[in-house]
Amino acid sequence: MNTRLPLVTILTLPLFANAEVTYHRDIAPIIYANCTGCHREGESGPFPLSTFEEVSRKAKTVERVIEDRYMPPWHASIEHVPFHDIRRLEKEEIERFGNWVTAGKPEGDPADAPPIPDFPEGWQLGEPDLVVTMAKAYEVPADGPDIYRNFVLPLDLPEDKWVKAVELRPSARSVLHHSLLFLDDSGTARSLDGKDGKPGFSGMGFRKSGSIGTYVPGATPRRLPGDLARPLPKGSDIVLSTHFHPSGKIEEEQTTLGIYFADSPPGRKLEELQVPPAFGRGAGIDIPAGESNYIVEDSFKIPVDYEAISVGGHAHYICETMLMTATLPDGGEKVLLEITDWDLDWQDTYYFAEPLILPAGTVIKSVITYDNSANNPDNPNTPPQRIKWGRESTDEMGSMTLIGVPVEAGDSRMLSRAAKLDQAKILAEVGKELINSRTAEKLPQIIKALDRDGDGNLHETELPPRMKSILLEKLDIDRDNSLNPSEIQTLKDWLENRKAKKEA
Ligand code: HEC
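About the cut-offs
Counting from 1, residues in each chain are numbered in the order their sequence is written. In keeping with the model being predicted, local features are shown solely for residues with a pLDDT of at least 70 and side-chain atom pairs are shown and tallied solely at 80 or more, while totals for entire chains, interfaces and linings include all residues. Strands here mean DSSP runs of E at least two residues long; helices mean DSSP runs of H or I at least four residues long; both are numbered from the N terminus. Our radius of gyration looks at C-alpha atoms and nothing else; its globule reference is 2.2 Å times the residue count to the power 0.38. Put simply, a residue is buried when 20 or more other C-beta atoms lie within 10 Å of its own C-beta and exposed when 12 or fewer do; between those, it is partly exposed, and each C-beta is set from the backbone. By definition, residues are in contact whenever their C-beta atoms, placed on the basis of the backbone, come within 7 Å of each other. Any residue whose C-beta atom, as placed from the backbone, lies within 6 Å of a molecule or strand is termed near it. Polar here means any residue outside two lists: the nonpolar Ala, Val, Leu, Ile, Met, Phe, Trp, Tyr, Cys and Pro, and the charged Asp, Glu, Lys and Arg; Gly therefore counts as polar. Paired strands are those between which DSSP finds at least two bridges. Orientation is described by axes fitted as lines to C-alpha atoms, over the contacting stretch for helices, and by angles from 0 to 180 degrees between their N-to-C directions. Linking buried Ala, Val, Leu, Ile, Met, Phe, Trp, Tyr and Cys residues through C-beta atoms within 7 Å yields a set, and such a set is a nonpolar core. Delimitation of the domains relies on an automatic or database domain assignment.

The next point concerns the overall build of the chain. Scanning the chain from terminus to terminus reveals eleven helices and 22 strands. Expected size for 504 residues packed as a compact globule is a radius of gyration near 23 Å; at 25 Å, the chain falls within 12% of this value. Along the three orthogonal principal directions, the C-alpha set of the chain runs to about 85 × 50 × 50 Å. Residues counted as buried form 34% of the 504 residues belonging to the chain. Long-range contacts, defined as pairs at least 24 residues apart, comprise 82% of the intrachain contacts of the chain with a sequence gap of at least 6.

Around the ligand sit 20 residues in total, of which Cys35, Cys38, Ser44, Met71 and Pro72 are the nearest. Ranked by residue count, the leading element in the shell around the ligand is helix α4 (residues 59–67), at four residues. Of the residues that constitute the shell around the ligand, the class distribution is eleven nonpolar, six polar and three charged.

Next up on the list: the sheet that holds strand β10 (residues 256–261). Strand order in the open sheet formed by four strands is β1-β10-β4-β7, and the pairing between neighbours is antiparallel. Looking along the sheet, the strands with just one partner apiece sit at the ends: β1 (130–133) and β7 (230–232). In this sheet, adjacent strand axes meet at a mean angle of 45 degrees when their direction is disregarded. One ladder, built from four bridges, connects β1 with β10; its direction is antiparallel. Residue pairing in the sheet places valine 131 in a bridge with glycine 258 of β10.

The strand order across the open sheet formed by four strands is β3-β8-β5-β6, and the pairing between neighbours is antiparallel. Strands with a single pairing partner mark the edges of an open sheet, and in this sheet they are β3 (147–153) and β6 (210–215). With direction set aside, neighbouring strand axes in the sheet form an average angle of 20 degrees. Two strands pair when backbone bridges link them, and strand β5 (residues 176–184) and β6 are joined in this way by five bridges, in the antiparallel orientation. Counterpart to serine 179 in the pairing with β6 is tyrosine 215.

Here the focus is the nonpolar core. Ala308, Val311, Met322, Met324, Leu336, Leu337 and Ile364 are the most contacted members of the largest nonpolar core, which totals 44 residues. Counting only elements with at least two residues in this core, the list comes to β11 (271–275), β13 (294–301), β14 (306–315), β15 (319–327), β16 (333–339), β17 (349–358), β18 (363–370) and β20 (398–406). Counting contributing residues per domain, this core is built from domain 1 (7–112) and domain 3 (271–421), each supplying no fewer than three. Apart from the residues lying within four places of it in its own chain, the contact partners of leucine 337 are Ala76, Val311, Gly313, Met322, Met324, Tyr350 and Met400. If you look at the next biggest cluster of nonpolar residues, it comprises 33 residues, including Phe151, Trp162, Leu257 and Val405.

Looking now at the environment of glycine 213. Within the fold, glycine 213 resides in strand β6. C-beta crowding within 10 Å serves as the criterion here: with 21 such atoms nearby, glycine 213 is assigned to the buried category. Separated by 91 residues in the primary sequence, glycine 213 and glycine 122 have C-alpha atoms spaced 20 Å apart. Sequence-distant contacts of glycine 213, that is, excluding residues within four places in its chain, are made with Val166 and Leu181.

If you want it as structure tokens, here you go:
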């Protein structure tokens, strides 16, 4: 889709700079290379853009959206690290389009047009190895609060598989805010499906056994590079954890998912570094009404040599900018991702053109800014209201994610341990709730009471049902479904820190 102008066209452009600009010779190459991939039958663009008639009819609007760089959609600054699949017009191309409109949109000779590229029909990455569709459509009401709903796609795979890429085709793109693709190997999600008479189920009543990716509007599907792939063990079902934002019109969602497998298991394990972790759950996001420059900052020191593959961010409406930098052990600094005009609707994952090596000791830092003033046209509230962290799209979140692998396969454990410990920050929030109920002082007694077999560990069956999944997810670093004394100590430290801070 991103076929650039042939070199010969670029070289000859100045020769006819003063000559008449025609659709077929000068405009079609721009449209084919940058617009038609989405603006054609069955794709996300709301109308087709490829023929002279189609482009001519929309010429004024097209001129406006390319001038303010609303189209083609692309939000990462391109002067730092080179990315794959950059969708961005050259200044000259924007001017050329303007000249064509000013000249009265001459058509020219169809023989001058380049052949229309061979766009993949349906799947952007070609025919998937496995296609699964939700058994029944889910009806999204016209209005009301945002909806979180899980949909189960039973797989019944006879053997372990490795996933190179997924491509998700929603049927109601306008209301689908995002979909997280979790795995469940316990059959729990399957048993919850449809219990309330509608397809899927609400809440997080299953334990995620893995993830094979995320879908957000505007994401470009892409295969993981080299031999990298995500595990999809046999016996796992996929759970689409989907967030809908009603649009004013009843919509039916029946997602189809295409999965692309690797031929063999990868040599190294993917490790995501989210800064701040858990979409900013523990970052204390609390933005006063009218505040025009609220900043969330966090950093993470990578303990091993790391090979970064892609980078992206997540926030909601009032986020303005995102910046992730890497400070290398030698003091050098690299910008990994800069977004100066955050747009909730276009949360792409940006793949580095070349994998980026970050040596052990590199500190990655995220700075995310928000504008909760009346001057922000994207503010969901008029007049502005205090906005806190939360799951509704009118709440806020904020985090940036680097995806990659340790350079040495053997460093996986150390890296994932460091990332898990970092996630313990989330306990700030949990801890706050506990402190408010004066649980901190009572913690030793609580632990003693819970530890029914008195072995000093809190096993899964000993944890309070309501807190079980969050406690295990955040504290169970060695993943044995039980909290050992050192893991319990992390919780104690957290509570005491919070308490000390509060009293100071
Ligand atoms: C990645 C897919 C994608 C690409 C590439 C893309 N568009 Fe779009 N375009 C969309 C979607 C989706 C919408 C509707 C949602 C929106 O307006 O944000 C849209 C909307 C538009 C609109 C309507 C905007 C409005 O304000 O009503 C115009 C005009 C447009 N695109 C022109 C273009 C042109 C010209 C190009 C190439 C230079 C292009 N698009 C490239 C997906 C794309």
